[in-house]
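Remarks on the overall topology
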Amino acid sequence: AHDLLKYNDYDTIKAYSQTFDGYFTYGTSFEGRDLFGVKVGSGSKVVSVDCGIHAREWISPAYCQWFMNEVRDGQFNQYLNDVTFVIMPSINPDGYVNTWNGDRMWRKNRNTGYGACVGVDLNRNYDANHAGPGASDRPCSDTYHGPSAFSEPESKAQQDHMKQYIDDGSLKAFLTFHSYSQLIIFPYSYDYTSQAPNKAELNSVGQEMSAAIRAVHRQSYEAGQGTDLLYAAAGGSDDWAYDAMLAAGNDGPLSYTFELRDEGRYGFLLPANQIQPNCEEIDAAMHVVINYVIENK
Ligand code: 0X9
Ligand code: ZN
Ligand code: ZN
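Residue numbers run consecutively from 1 along every chain, following the written order of its sequence. Here every chain gets a letter starting at A, and every ligand a number starting at 1, in the order they are written. With pLDDT at 70 or above as the cut-off, local features in this predicted model cover only qualifying residues; side-chain atom pairs require 80 or more to be listed or tallied, and sums for whole chains, interfaces and linings still use all residues. Side-chain descriptors were evaluated using all non-hydrogen atoms of the structure, hydrogens and water having been removed beforehand.

1. Remarks on the side chain of D50
As a reminder of what qualifies: Helix numbers and strand numbers start at the N terminus; a helix is a DSSP run of H or I with at least 4 residues, a strand a run of E with at least 2. Note on classification: 1.4 Å probe, protein chains only; a residue is buried when its accessible area is under 20% of the maximum for its type, exposed when over 50%, partly exposed between these limits. For the purpose of charge, His is not counted, nor are the chain termini; Lys and Arg are scored as positive and Asp and Glu as negative. Salt bridges are defined by distance alone: a side-chain nitrogen of Lys or Arg within 4 Å of a carboxyl oxygen of Asp or Glu. Think of a polar contact as two N or O atoms within 3.5 Å of one another; within protein, one of them needs to be a possible hydrogen donor and the other a possible acceptor, and neighboring residues in sequence only count if both atoms come from side chains. Any two residues having at least one pair of non-hydrogen atoms within 4.5 Å are treated as being in contact.
Mapped onto the secondary structure, D50 falls in strand β3 (residues 45-51). An unpaired buried charge is present at D50: no salt bridge exists, and R124, the closest side chain of opposite charge, is 12 Å distant. Side chain to side chain, D50 and Q158 meet in a polar contact 3.0 Å long. Those residues in contact with D50 that lie beyond four places of it in its chain are C64, M88, I91, Q158, F174, L175, T176 and F177.

2. Topic: the coordination of the zinc ion (ligand 3)
Spelled out, the test is: Coordination shells were defined by N, O and S atoms within 2.8 Å of each metal, extended to 3.2 Å for Na, K and Ca; water is absent from the atom set, which can make sites look incomplete.
Protein ligation of the zinc ion (ligand 3) involves H54 (ND1), E57 (OE), E57 (OE) and H178 (ND1), the donor distances falling in the range 2.0 to 2.3 Å. We note that the donor set of the zinc ion (ligand 3) lies within a single chain, spaced as H-x2-E-x120-H. Taking the relative accessible area as the measure of exposure, E57 reaches 3% and is therefore buried.

3. Structural notes on the nonpolar core
Proteins that are soluble and globular tend to have nonpolar side chains buried together. For clarity, the cut-off: We call a set of buried Ala, Val, Leu, Ile, Met, Phe, Trp, Tyr and Cys residues a nonpolar core when their side-chain atoms join them within 4.5 Å.
The biggest cluster of nonpolar side chains holds 84 residues, and the ones touching the most others in it are F67, F85, L175, F177, W240, Y256 and M286. Considering every element that reaches this core, the biggest residue donor is helix α8 (residues 275-296), with eleven residues. Ignoring any residue separated from it by four or fewer positions in sequence, one finds F85 in contact with V38, K39, V40, V47, F67, V71, F76, Y79, L80 and I290.

4. Some thoughts on the pattern of salt bridges
As enumerated under the stated definition, the model contains 13 salt bridges in all. Across the salt bridge formed by K6 and D3, the nearest N and O atoms sit 3.5 Å from each other. Overall, D3 belongs to the partly exposed group, its relative accessible area being 26%. A salt bridge links R56 to D142; its shortest N-O distance comes to 3.7 Å. With R56 in the loop between β3 and α2 (59-73) and D142 in the loop between α3 (93-100) and α4 (153-167), the pair connects residues that are 86 residues apart, well separated along the chain. The exposure class assigned to R56 is buried, which follows from its relative accessible area of 12%. Since its relative accessible area comes to 32%, D142 is described here as partly exposed. Because the salt bridges share partners, they merge into one network encompassing E31, R33 and D94.

5. Observations concerning the sheet that holds strand β7 (residues 222-225)
Threshold: In short, DSSP must find at least two bridges between two strands for them to pair. Geometry is summarised by axes, namely lines fitted to C-alpha atoms with helices restricted to the contacting stretch, and by angles between N-to-C directions that run from 0 to 180 degrees.
Strands sit in the order β1-β2-β4-β3-β5-β8-β6-β7 across an open sheet of eight strands; the sheet is mixed. Two strands lie at the open edges of the sheet, namely β1 (23-28) and β7, each paired on one side alone. Strand-to-strand twist in this sheet, taken as the mean axis angle between neighbours without regard to direction, amounts to 20°. Pairing analysis gives four bridges linking strand β6 (residues 183-186) to β7, with the strands arranged parallel.

These figures capture arrangement, not role.
Right, dumping it as structure tokens:
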């Protein structure tokens, strides 16, 4: 049965999502699973929330489910007149199912079309300096970028689905959830030199989110540009969404990658008893960014 305080498998996440009025599908994975999400709210400002692009990062889909519940039935439903949430809780379903079937540390999707090795790193497959630094040409690598940008059904379907909200200017914030290392990352990550035109704004909202998180359970989440905090890694969804919003005329796009708990003790194998405290502290960051969108975007 579905349980917000446990890790749920793909079928359970999907069944839970189907209890939402705004359930939608937006494509099919390589192995034929539904790509799905929920759309909640009637506001003119769209906030996109996606989880599970990397299969082994189980706390990520757990947060999306937590957030979905609170958007419909809890502390985030106060925003539904101002904001429409587009939430995709499991955007790499084949990879996620693979981690439930014994290959717990799997990261990529499950495309078998590129020779002997399986899978593309979906977070290297977007059209953001695709095949640039920090992405591998080798299909056996865990950071294989794929033969071309959006070669993968999972990344292509997200691009196609979000296009309406990008082109009409309604998409204000793109929030994508990973683990681990407790970071709040903003563009760019796709080369060593590019700076976001609204870097100061991204940084100040990022620092505010970090402070809000700390106040909940005293956890430290550093906020900064990807190349400063981590490494260059081209082809990521955060940089794609950011540049797509810019190209559509949005002069202050918000795009963040959240790296959830922990700082390395358990890593991807975060015990389920940390789901609740992790989700509670991330809620505090979500209030910050949502209020910022409502007041400024
Ligand atoms: O490398 C990644 O894709 C992310 N870290 S993870 O350990 N979850 O794999 C960070 C992504 C930061 N953004 C971009 N590189 N665009
Ligand atoms: Zn390459
Ligand atoms: Zn990740």
